[in-house]
Structure formats: C-alpha cells, structure tokens
Amino acid sequence: MEHKRQIDNKKLVDMLKKAYADEWIAGYYYLYIGYFVKGPFSEDIEELFNEVAKEELEEHTKMLADRLQQLGEDPPSDFKSLWDLSPCKFPEVPSDPYNTQGLLKAGVLAEECAIKAYKELYDYVHGVDPVTEEVARHLLADETEHRTKFENMMVKQS
C-alpha cells in the first residue's frame, strides 16, 4: 500500500501567511501606482493597476484568510508585520510618474514573484491537500493573467 505524503501544517500555514502578506503589499503598491502614474496612457494604466489591486485586496486576501482560518489560524493582524512576512516585498517603483514602462515592469516583477510562490504552494500540497491545492491553482491562474495584462499594456504603450 502506498504511503501518502504528509503535510507539515506549520510550513503550510507559513506559506499561506506569506502569500497573504504579498497580496496586501502588492495591492497597496498597485493602488499607489494607479494614483501616481502620469503621461500618455496613464488613464489606461491607472485603470489596470486599480483593477488588479481590487482583485488582490478583495478576492485573493479573502481566499487566503479563509484557508488559514479553516486550518485553525487567523491571518496576520498587525499591518506592520505584513512587510516582514512578505517574501516578495515589491520591486522598486520608479520615482518618475512618467516612467510608465518602469511602473508596468514593477507590476510584471511582482506578479512573477507571486507566480513562483503559488507554484511552490501548489507543488507542496498537490495530491495531499485538495482544498489548498484548488486555492493555489486559482491564485496561480489569476497572477499569470495579471502578469500578461501588465506585459500587454507595456507593448500597447511602447
């Protein structure tokens, strides 16, 4: 009989908390960039960053918080700790609001970090924890879509 691999609950909770922190950090920066961006295509770029921020802050954080609570843990309650928990942090945001390529590139880099984190989460729970596996699969698909939208906007405005 095949022995089923075990999940280390502490490691899983740690991965989920880090992902939760990343979603908050990304959402904050996306809103900031949306308010900050200037120049050609700035309205389209603002709309894109605000749309992605809304998804990160409203949908993704809720999915992760719900999964944490299903595992008997609450999400981090101290907003200051989110930065420390976040393995992705956020790529440096250009100081020039007219540097739309740089602002969009920061979004691409942030999404690539999230994609890597959700691939690792998915691989860790695949075949062992179907609930977390579905959360990771959903978030991985969303983050890949976000990266594509940022890349497409880079091409559109170049």
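Residues numbered from 1 in each chain as written. Predicted model: local features only at pLDDT ≥ 70, side-chain atom pairs only at ≥ 80, totals over all residues. Heavy atoms only, no water.

1. Looking at the overall build of the protein
We count it as follows: Secondary structure elements follow DSSP: runs of H or I no shorter than four residues count as helices, runs of E no shorter than two count as strands, and numbering proceeds from the N terminus. Remark: exposure states derive from per-residue accessible area (1.4 Å probe, protein chains only) relative to the maximum for the residue type, with buried under 20%, exposed over 50%, and partly exposed in between. A contact between two residues is defined here by any heavy atoms of the two lying within 4.5 Å. Calculation of accessible area relied on Shrake-Rupley with a 1.4 Å probe; when residues are assessed, cover is drawn exclusively from the protein chains displayed. The convention is simple: Lys and Arg are positive, Asp and Glu are negative, and His and the chain ends are not counted. Every charge is mapped onto a representative atom, which is NZ of Lys, CZ of Arg, CG of Asp or CD of Glu.
Per the secondary structure count, the protein includes five helices and zero strands. Tracing the protein from N to C terminus, the helices and strands come up as α-α-α-α-α. Over its C-alpha atoms, taken along the principal directions, the protein stretches across nearly 60 × 35 × 20 Å. Within the protein, buried positions represent 45% of all 158 residues. Considering only residue pairs separated by 6 or more positions, the protein has 80% of its internal contacts joining residues 24 or more positions apart. When the accessible surface of the protein is totalled, it reaches about 8700 Å², and 53% of it is carbon and sulfur. Charge centroids of the protein, computed over 19 positive and 32 negative side chains, lie 4 Å from each other.

2. Quick notes on the nonpolar core
Going by this rule: Definition used in this section: a nonpolar core is a set of buried Ala, Val, Leu, Ile, Met, Phe, Trp, Tyr and Cys residues joined via side-chain atoms within 4.5 Å.
The biggest cluster of nonpolar side chains holds 42 residues, and the ones touching the most others in it are Tyr30, Leu64, Phe90, Leu104, Tyr118, Leu121 and Phe150. Those elements that provide at least two residues to this core are helix H1 (9-36), helix H2 (42-70), helix H4 (100-125) and helix H5 (130-156). At twelve residues, the largest contribution of residues to this core is made by H1.

3. A closer look at the pattern of salt bridges
The cut-off we apply is this: Take a side-chain nitrogen of Lys or Arg and a carboxyl oxygen of Asp or Glu: if they are within 4 Å of each other, that pair is a salt bridge.
With the rule as written, the count across this model stands at ten salt bridges. Between glutamate 51 and lysine 149 there is a salt bridge; the shortest N-O distance is 2.5 Å. Taken together, the residues span a long stretch of sequence, with glutamate 51 in helix H2 and lysine 149 in helix H5 at a distance of 98 residues. The residue glutamate 58 makes a salt bridge to lysine 54 at a minimum N-O spacing of 3.6 Å. In this pair, glutamate 58 and lysine 54 both sit in helix H2, four residues apart, roughly one turn of the helix.

4. Brief notes about the side chain of glutamate 111
For clarity, the threshold we go by: Here a polar contact is recorded for every N or O atom pair within 3.5 Å, except that within protein the pair must consist of a potential hydrogen donor and a potential acceptor, and residues adjacent in sequence are included only if both atoms are side-chain atoms.
Relative to the assigned elements, glutamate 111 resides in helix H4. Summary of buried charges: glutamate 111 has no salt-bridge partner, and the nearest side chain of opposite charge, arginine 147, is 7.9 Å away. For glutamate 111, the side chain forms a polar contact with the side chain of histidine 146, separated by 3.5 Å.

5. Details of the packing of aromatic side chains
What counts, and what does not: Note on ring pairs: Phe, Tyr and Trp rings are taken, using the six-membered ring of Trp, and paired if centres are within 6.5 Å. Classes follow the plane angle, with under 30 degrees stacked, over 60 edge-to-face and the rest tilted.
In total, this model carries nine aromatic pairs according to the counting rule given. Judged by centre distance (5.2 Å) and plane angle (20°), the ring pair of tyrosine 32 and phenylalanine 36 falls under stacked. Here the residue tyrosine 32 and the residue phenylalanine 36 both occupy positions in helix H1, the gap between them amounting to four residues, near one helical turn. Assessed through its relative accessible area of 33%, tyrosine 32 is described here as partly exposed. Here the aromatic cluster, defined as three or more aromatic residues joined through ring pairs, consists of Tyr28, Tyr29, Tyr30, Phe49, Phe90 and Phe150.

6. Here we look at the environment of aspartate 142
By the element assignment, aspartate 142 lies in helix H5. Relative accessible area serves as the criterion here: at 9%, aspartate 142 is assigned to the buried category. For the pair formed by aspartate 142 and threonine 61, sequence separation is 81 residues and the distance between their alpha carbons is 13 Å. Discounting residues that sit within four places of it in the chain, aspartate 142 has contacts with Glu55, Glu59 and His60.

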